[in-house]
Amino acid sequence: GTTLDTVQVGTCALQAVTVTATSTTYTTCTGAGTIDNTYKVIVQPNASGFTSGIIMDSASTTATAGTVSVRLANPSIGANTTSGSPTFTFWAFK
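Just so we're clear, the structure is a prediction, and the values are computed from it rather than from any experiment. (Residues numbered from 1 in each chain as written. Predicted model: local features only at pLDDT ≥ 70, side-chain atom pairs only at ≥ 80, totals over all residues. Heavy atoms only, no water.)

Looking at the nonpolar core
Core analysis: the biggest nonpolar cluster contains 17 residues, and Leu14, Ile35, Val68, Val70, Leu72, Phe88 and Phe90 have the highest contact counts within it. Elements with a contribution of two residues or more to this core: strand E6 (67–74) and strand E8 (87–93). Setting aside anything within four residues of it in sequence, one finds Val68 in contact with Thr27, Thr28, Cys29, Ala32, Ile35, Ala59, Ser60 and Phe88. (Core = buried A, V, L, I, M, F, W, Y, C linked by side-chain atoms within 4.5 Å. Buried < 20%, exposed > 50% of the residue type's maximum accessible area, 1.4 Å probe, protein only. Helix = DSSP H or I, 4+ residues; strand = E, 2+ residues; numbered from the N terminus. Contact = heavy atoms within 4.5 Å.)

This is the structure we're talking about:
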């Protein structure tokens, strides 16, 4: 196993974006403590806040301190959808 040196836990709000039908797009949240791309991150979306049909399908840390990048998917073949500005809980490990 790997020894963990640092663990950060918090809540972060995503910036709203439009996700084109049957595609994915990336958005970020800022305010995720001091985490950067040396951390691994696990996220859990909160029960409310996401527009119906939008799926959070991956997340990663970035080189910019305090920023988490999240990929959102819109599997609908119908319409482009705005994501809203949902919050999520993150656990960052280093």
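Concerning the state of the cysteines
The tally for this structure, following the rule as stated, stands at one disulfide. Linked covalently through their sulfurs, Cys12 and Cys29 form a disulfide whose S-S length is 2.1 Å. One quick way to see it: the torsion about the S-S bond of Cys12 and Cys29 is about 105°, and its sign makes the bridge right-handed. Of this pair, Cys12 sits in strand E1 (residues 7–13) while Cys29 sits in strand E3 (residues 23–30), and the two are 17 residues apart along the sequence. You can call Cys12 buried: its relative accessible area is 2%. According to the relative accessible area criterion, Cys29 is buried, its value standing at 0%. (Disulfide = S-S within 2.5 Å.)

Re the environment of Asp36
Turning to its location among the elements, Asp36 is positioned in the loop between E3 and strand E4 (40–45). On the basis of relative accessibility, which here comes to 21%, the residue Asp36 falls in the partly exposed class. Residues Asp36 and Gln8 lie 28 residues apart in sequence; the distance between their C-alpha atoms is 11 Å. Apart from residues no more than four positions distant in its own chain, Asp36 is found in contact with Thr61, Thr62, Ala63 and Ala65. A distance of 2.5 Å separates the side chain of Asp36 from the side chain of Thr38, its partner in a polar contact. (Polar contact = N/O pair within 3.5 Å; in protein donor to acceptor, adjacent residues only side chain to side chain.)

These values are about where atoms sit, not about what they do.
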